[in-house]
Amino acid sequence: MLVHAGIYLCVTTLMFQTVQQFQPTPFIDEIFHIPQAQKYCNGSFFEWDNKITTLPGLYIASVLFTTPLKFLFQSASCDVWHLRYINVLFNLINIVLNYKIIKKLDTGKDSEKTSKTSEISALTIGLFPVLHFFLLPLLH
C-alpha cells in the first residue's frame, strides 16, 4: 500500500502543480477560505468572516501544517499553494485510512486478495472526482 500511496502522492502533486500554474489565485469558495486560514496562520483566532459556515478545523490544520514550515524554511508559508496542498495531504491520509478500515472489515478472507481489493477500493474512494474539483480550471 505504501508504494501505491507514494505513486498517488507523486501523480496528484504533478496534477496539483499544473492546476496551480493555471489558477494561482483563490477561486470559487477559496476567496473566503484562504483569507480566513491566513488570519488563523497570523494568530487571529477570534476574527471570523460571517459568510463562512465551515467549522474551523481546516483552519487549525492549516496552522499546524504551515507553522513548522515557517521555522524550517524561514518563508511565509500560509499562501494559496500551501493551503491548497493541505487538501492533497488530507486526501492521502484518507486513502490510507480507508485502506486500513476496508482491510479490517474483510478479515478472515484470502489475505492477498483482500489486500489488493482493499487497495483498489481505497484508491477508488480517494480518486472520487468531487475530491479533485481543483482540476476545473484545466477544462476551460
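Above this text sits the structure in question.
Residues numbered from 1 in each chain as written. Predicted model: local features only at pLDDT ≥ 70, side-chain atom pairs only at ≥ 80, totals over all residues. Heavy atoms only, no water.

(A) Structural context of the environment of Tyr59. Within the fold, Tyr59 resides in helix α3 (residues 57-73). Dropping the residues within four chain positions of it, Tyr59 is found in contact with His33, Gln36, Ala37, Tyr40, Trp48, Ile52 and Thr54. (Helix = DSSP H or I, 4+ residues; strand = E, 2+ residues; numbered from the N terminus. Contact = heavy atoms within 4.5 Å.)

(B) Region of interest: the packing of helix α1 (residues 2-22) against helix α4 (residues 80-105). For the pair α1 and α4, interaxial distance at closest approach is 11 Å and the crossing angle is 155°. The angle between the axes of α1 and α4 places the two elements in the roughly antiparallel class. Along this stretch, α1 crosses α4, giving a crossing that reads as right-handed. Between α1 and α4, the contacting residues are Ala5, Tyr8, Leu9, Thr12, Thr13, Phe16, Gln17 and Gln20 on the first element and Val80, Trp81, Arg84, Tyr85, Val88, Leu89, Asn91, Leu92, Ile95 and Val96 on the second. Looking at the contact of α1 with α4, its residues break down into 12 nonpolar, five polar and one charged. (Axes fitted to C-alpha atoms, helices over the stretch in contact; angles between N-to-C directions. Parallel < 35°, antiparallel > 145°, perpendicular 65-115°, else oblique. Left-handed = near helix turned anticlockwise from the far one by under 90°. Nonpolar A, V, L, I, M, F, W, Y, C, P; charged D, E, K, R; others polar.)

(C) Seen up close, the packing of aromatic side chains. For the structure shown, the criterion picks out seven aromatic pairs. Taking the centre distance of 5.4 Å and the plane angle of 80° together, the rings of Phe16 and Trp81 count as edge-to-face. Placement of Phe16 in helix α1 and of Trp81 in helix α4 is noted, with a sequence separation of 65 residues between them. Given the relative accessible area of 3%, Phe16 is considered buried. Taken together, Tyr40, Phe45, Trp48 and Tyr59 form an aromatic cluster joined through their ring pairs. (Phe/Tyr/Trp six-rings, centres within 6.5 Å; stacked < 30°, edge-to-face > 60°. Buried < 20%, exposed > 50% of the residue type's maximum accessible area, 1.4 Å probe, protein only.)

(D) Region of the structure containing unusual backbone geometry. The phi torsion at Ile28 lies on the positive side, around 50°, for a residue other than glycine. You can see Ile28 is positioned in the loop between α1 and α2 (30-41).

(E) Spatial organisation of α2. Its 12 residues place the ends of α2 16 Å apart at the C-alpha level, agreeing with the 16 Å of an ideal helix rising 1.5 Å per residue. Listing the buried residues of α2 in full gives Glu30, Ile34, Gln36, Ala37, Tyr40 and Cys41. Along the long axis of α2, the arc covered by the buried residues comes to 165°, so they all point the same way. Contacts from the buried residues of α2 go to α3 and α4. Positive backbone phi, approximately 90°, marks Gly43, located one or two places after α2. (Expected span 1.5 Å × (residues − 1). Arc of directions from axis to C-beta.)

(F) Spatial organisation of the state of the cysteines. As enumerated under the stated definition, the model contains one disulfide in all. Disulfide pairing places Cys41 opposite Cys78 at an S-S distance of 2.0 Å. The chirality of the disulfide connecting Cys41 with Cys78 is right-handed, given an S-S dihedral of about 65°. Of this pair, Cys41 sits in helix α2 while Cys78 sits in the loop between α3 and α4, and the two are 37 residues apart along the sequence. For Cys41, a relative accessible area of 11% gives the class buried. (Disulfide = S-S within 2.5 Å.)

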